[in-house]
Amino acid sequence: MAKPYPAELVRRLTLRDGTRVVLRPIRPEDRQIEKEFVQKLSDESKYFRFMSALRELNDAMLSRFTQIDYDREMALIAVVCENALETEIGVARYVVSDGGTSCEFAVAVADAWQHRGVGSILLCNLIDAARAHGLQTMEGMVMAANNKMLGLMSALRFSIRSEPGNSSIKLVTKQLDAPGDASVGVSDSSAADVN
Ligand SMILES: CC(C)(COP(=O)(O)OP(=O)(O)OC[C@H]1O[C@@H](n2cnc3c(N)ncnc32)[C@H](O)[C@@H]1OP(=O)(O)O)[C@@H](O)C(=O)NCCC(=O)NCCS
């Protein structure tokens, strides 16, 4: 059964360039902004995120991405609001793996919003949410050519290793219960919480 909307994960932040951003768990009503977000990603960003030549999310994918149970799955979106209109500028999500102690994650930031700290903020908050949920490990697959993401993974202290037999993919892992890494926290990631 779906858990109630996890309002405790909502954050209001100011990026280092002064832009105000809201981070919040995704809702079914975010279907349209999620669709537009993916549609507008560059071909390269789509390829790095979905590892395929996907053009846009179909109805089934949109349902799967926006109608989550906040238990086995979590998705945090970053939105900016202009003239009362919300635009999604990034999303990070995890899905709990079968054993129940680890999760697989993915992240994407709109091309025009990259290099402003949004990816770090999303991932730091997703890591904190996964840790609070009792998960022990966060894992992901990153294309070996995706230097930006691999740089970000190192900065967030993920371990990076090659996938046996597949030189185009790197496996990234973070132990969420590692001593001395209690919380990466948004204060480490160029944003100030204003609320
Ligand atoms: C990868 C991605 C999520 C990063 O998002 P972003 O908002 O640009 O990330 P940030 O601005 O938080 O920057 C990341 C930080 O990580 C570190 N970093 C990023 N690239 C780095 C690199 N090549 N080397 C070392 N450190 C790097 C830096 O600390 C950087 O901060 P900076 O702006 O001072 O350089 C974004 O480029 C993206 O959406 N790419 C397409 C989709 C994708 O690749 N998803 C990952 C597959 S799951």
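On a predicted model such as this, the values are computed, not experimentally measured, just so you know.

Trainee: Help me get a handle on the nonpolar core, residues and values and all.
Mentor: Counting residues in each nonpolar core, the largest one holds 57 residues, and the members touching the most others are Y94, F105, L122, L123 and M138. When neighbours within four sequence positions are excluded, L123 is seen to be in contact with A92, F105, V107, M149, L152, M153 and L156.

Trainee: Talk me through the packing of helix α1 (residues 31-40) against helix α3 (residues 59-66); I want residue IDs and the actual numbers.
Mentor: As a packed pair, α1 and α3 sit with axes 10 Å apart at the nearest point and diverge in direction by 115°. For α1 against α3, the interelement crossing comes out right-handed. Mapping the contact onto sequence places R31, E34 and K35 in α1 and D59, L62, S63, F65 and T66 in α3. Classifying every residue of the contact of α1 with α3 gives two nonpolar, two polar and four charged.

Trainee: Break down the site of the ligand for me, citing the residues and quoting the values.
Mentor: The environment of the ligand is made up of 21 residues, and the closest members are V107, V109, G117, S120 and N146. At a separation of 2.7 Å, an oxygen atom of the ligand approaches a polar backbone atom of V109. The separation between an oxygen atom of the ligand and a polar main-chain atom of G117 is 2.8 Å. Protein contact buries 76% of the 940 Å² of open area that the ligand shows by itself. If you list the elements that add at least two residues to the shell around the ligand, you get α2 (43-50), β5 (102-109), α4 (118-132) and α5 (147-155). Partitioned by chemical class, the residues of the shell around the ligand number eight nonpolar, nine polar and four charged.

Analysis parameters
- Residues numbered from 1 in each chain as written.
- Predicted model: local features only at pLDDT ≥ 70, side-chain atom pairs only at ≥ 80, totals over all residues.
- Heavy atoms only, no water.
- Core = buried A, V, L, I, M, F, W, Y, C linked by side-chain atoms within 4.5 Å.
- Buried < 20%, exposed > 50% of the residue type's maximum accessible area, 1.4 Å probe, protein only.
- Contact = heavy atoms within 4.5 Å.
- Axes fitted to C-alpha atoms, helices over the stretch in contact; angles between N-to-C directions.
- Helix = DSSP H or I, 4+ residues; strand = E, 2+ residues; numbered from the N terminus.
- Left-handed = near helix turned anticlockwise from the far one by under 90°.
- Nonpolar A, V, L, I, M, F, W, Y, C, P; charged D, E, K, R; others polar.
- Near = heavy atom within 4 Å.
- Polar contact = N/O pair within 3.5 Å; in protein donor to acceptor, adjacent residues only side chain to side chain.
- Areas by Shrake-Rupley, 256 points an atom, 1.4 Å probe, with all protein chains shown as cover.

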